[in-house]
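Working through the structure, step by step
If you want the building blocks of each chain, they are given just below.
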Amino acid sequence: MKYDLIDNKLFIKNRNNFMAQMKPSSLAVFNSNDIYPVSADSTLPFAQHRDIFYLSGVDQEESILVLFPDCPKEKHREILFLKETNDHIAVWEGEKLTKEAALKTSGIKTVYWLQDLEKIMFELMTQCDTVYINTNEHYRANVETETREDRFTKWLKDKYPAHSVAKSNPILQRLRSVKDPIELDLIQKACDITEKGFRRVLNFVKPDVWEYNIEAEFMHEFLNNRSKGFAYTPIIAAGNNANVLHYIENNQQCKSGDLILMDVGAEYANYSSDMTRTIPVSGKFTDRQKAVYNAVNRVKDEATKMLVPGTLWEQYHIEVGKLMTSELLGLGLIDKADVQNENPDWPAYKKYFMHGTSHHIGLDTHDYGLLHEPMQANMVFTVEPGIYIPDEGFGIRLEDDVVIQDSGEPFNLMRNIPIEVEEIEELMN
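No experiment lies behind these values; they were computed from the predicted model shown.

**With respect to the sheet that holds strand β10 (residues 259-264)**
Pairing within the open sheet is antiparallel, and its three strands lie in the order β9-β10-β13. Two strands in the sheet have a free side with no partner beyond their single neighbour: β9 (235-238) and β13 (275-280). Taking each pair of neighbouring strands and ignoring which way they run, the sheet shows an average axis angle of 10 degrees. Summarising the sheet, β10 and β13 pair through six bridges and their orientation is antiparallel. Across the sheet, the residue bridging to L259 is P280, located in β13. Packing against the sheet, helix α8 (residues 181-204) makes contact with β10 and β13, and its axis sits at approximately 10 degrees to β13.

Here is the structure:
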């Protein structure tokens, strides 16, 4: 891995928190992700399943974590099953976790090779009544591929049909949404790498560069700072491309007078950052662009102040909608009649700001978190309002990542990333 070794006390704490919420006489299983084939002998780069990483720190394929806090054998209360490594694998694929390295990474003392899985699982299943299976219940999930986790669950339920089944996901949604200080440091590191990329781009952008040139500048800086690269597919959208919310082609030329909307974030140690900035290709905003930009920035600043413990996500977005309505009236994009006659299910402001303002962020860019439950301290959210005006050939979105505090305004993890019009123009010139 490119990143520095993470203190395993994070993973020990995460496991203890999870096991404290398990039913008596129950066992939980977590699998690594598959390595997905492309064609022939080609595969996509491996990306670890965030749940097994959260609970163990293991960042390797073909790994399984078993938690059984009530197991009669103390050594079987936490078990890692790993792909057995050897000299041949080390030569062809690189070093894999040894049992000693797995202990140092995870804090788990009992490590078996995968070849012992069925034998050990049989013993464990005779000693438990309930099995926690790990399903994906994120509100944005839309999974068509059968995962390694899915296949293991099928095998387990088929082989041991008399056991009760429980779900890991509701426990993980709550635990993962509230960040440990070690996690906050890792997310801050990802944000700091993103800052370096953005400052590099401010010095690079000029008329006639291509969107993919800008993408390459970000990637250079990210890789140079121990990141694997982008936390999600980057959006580099010049001119009217910014009005396509998930524009990812990044293949157009940036013309003088255009704005470029850049929604990018570095990952670090599997933790995501998520930044959006909008800058002028020529290094200077027009008066109209500046007016819209400052309107978006004001909404972002005021929306950020609402992210405090006890806030409900749905009500928060209603309040942000009121802020945006006021700004759009001031810009002349909507009028009072539009507001008076609006459809409550699709308010007038939605014509120019049609997406949500905030989502959880952490190990996933759209991270775990139950949106119907009140916000808590140490949750991390994005704040990302935008105004999109196809008729005027530009769209503006601004986005920071912030940590909810016990009291007062959130702490901005992107506080050092330039955002004010004057600072952007000064750095570009």
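**Examining the nonpolar core**
Grouped together as the largest cluster of nonpolar side chains are 100 residues, with contacts concentrated most on F18, I214, F218, I260, I279 and I387. Considering every element that reaches this core, the biggest residue donor is α8, with 10 residues. The residue makeup of this core includes at least three contributed by each of domain 1 (8-175) and domain 2 (181-428). Grouped together as the second largest cluster of nonpolar side chains are 20 residues, M121, L124, F152 and L156 included.

**Observations regarding a negative patch on the surface**
On the surface, E420, E422, E423 and E426 cluster together into a negatively charged patch. Among the secondary structure elements, E420 is positioned in the loop between β18 (411-412) and α13 (421-428).

**A short note on the sheet that holds strand β17 (residues 400-403)**
Spatially, the three strands line up as an open sheet ordered β14-β17-β18, and their pairing is antiparallel. Of all the strands in the sheet, the pair left with one neighbour each is β14 (380-383) and β18. Sheet topology places β14 next to β17; four bridges connect them, and they run antiparallel. Following the sheet pairing, T382 is matched in β17 by D401.

**Comments concerning the packing of aromatic side chains**
Across all of its chains, the model carries 12 aromatic pairs by this definition. Where Y3 meets Y268, the ring centres are 6.3 Å apart and the plane angle is 70 degrees; that geometry is what we call edge-to-face. Taken together, the positions of Y3 in the segment before α1 (9-19) and Y268 in strand β11 (residues 267-268) put the pair 265 residues apart, joining distant regions of the chain. The same class applies to Y3 as to Y268, namely buried. For the pair F18 and Y132, a centre-to-centre distance of 6.3 Å together with 75 degrees between the ring planes defines the contact as edge-to-face. Taken together, the positions of F18 in helix α1 and Y132 in strand β7 (residues 130-133) put the pair 114 residues apart, joining distant regions of the chain. The class of Y132 is buried, set by a relative accessible area of 4%. Ring pairs connect the aromatic residues F18, F30 and Y132, which therefore count as one cluster. The ring centre of Y368 lies 3.8 Å from the NZ or CZ of R176, which sits over that ring.

Cut-off values and rules
Residues numbered from 1 in each chain as written. Predicted model: local features only at pLDDT ≥ 70, side-chain atom pairs only at ≥ 80, totals over all residues. Heavy atoms only, no water. Pairing = 2+ DSSP bridges. Helix = DSSP H or I, 4+ residues; strand = E, 2+ residues; numbered from the N terminus. Axes fitted to C-alpha atoms, helices over the stretch in contact; angles between N-to-C directions. Contact = heavy atoms within 4.5 Å. Core = buried A, V, L, I, M, F, W, Y, C linked by side-chain atoms within 4.5 Å. Buried < 20%, exposed > 50% of the residue type's maximum accessible area, 1.4 Å probe, protein only. Domains from an automatic or database assignment. Patch = residues over 30% accessible without salt bridge, like charges linked within 9 Å, V, L, I, M, F, W, Y side chains within 5 Å. Areas by Shrake-Rupley, 256 points an atom, 1.4 Å probe, with all protein chains shown as cover. Salt bridge = Lys/Arg side-chain N within 4 Å of Asp/Glu carboxyl O. Lys, Arg positive; Asp, Glu negative; His and termini not counted. Charge placed at Lys NZ, Arg CZ, Asp CG, Glu CD. Phe/Tyr/Trp six-rings, centres within 6.5 Å; stacked < 30°, edge-to-face > 60°. Lys NZ or Arg CZ within 6 Å of the ring centre and 35° of its normal.

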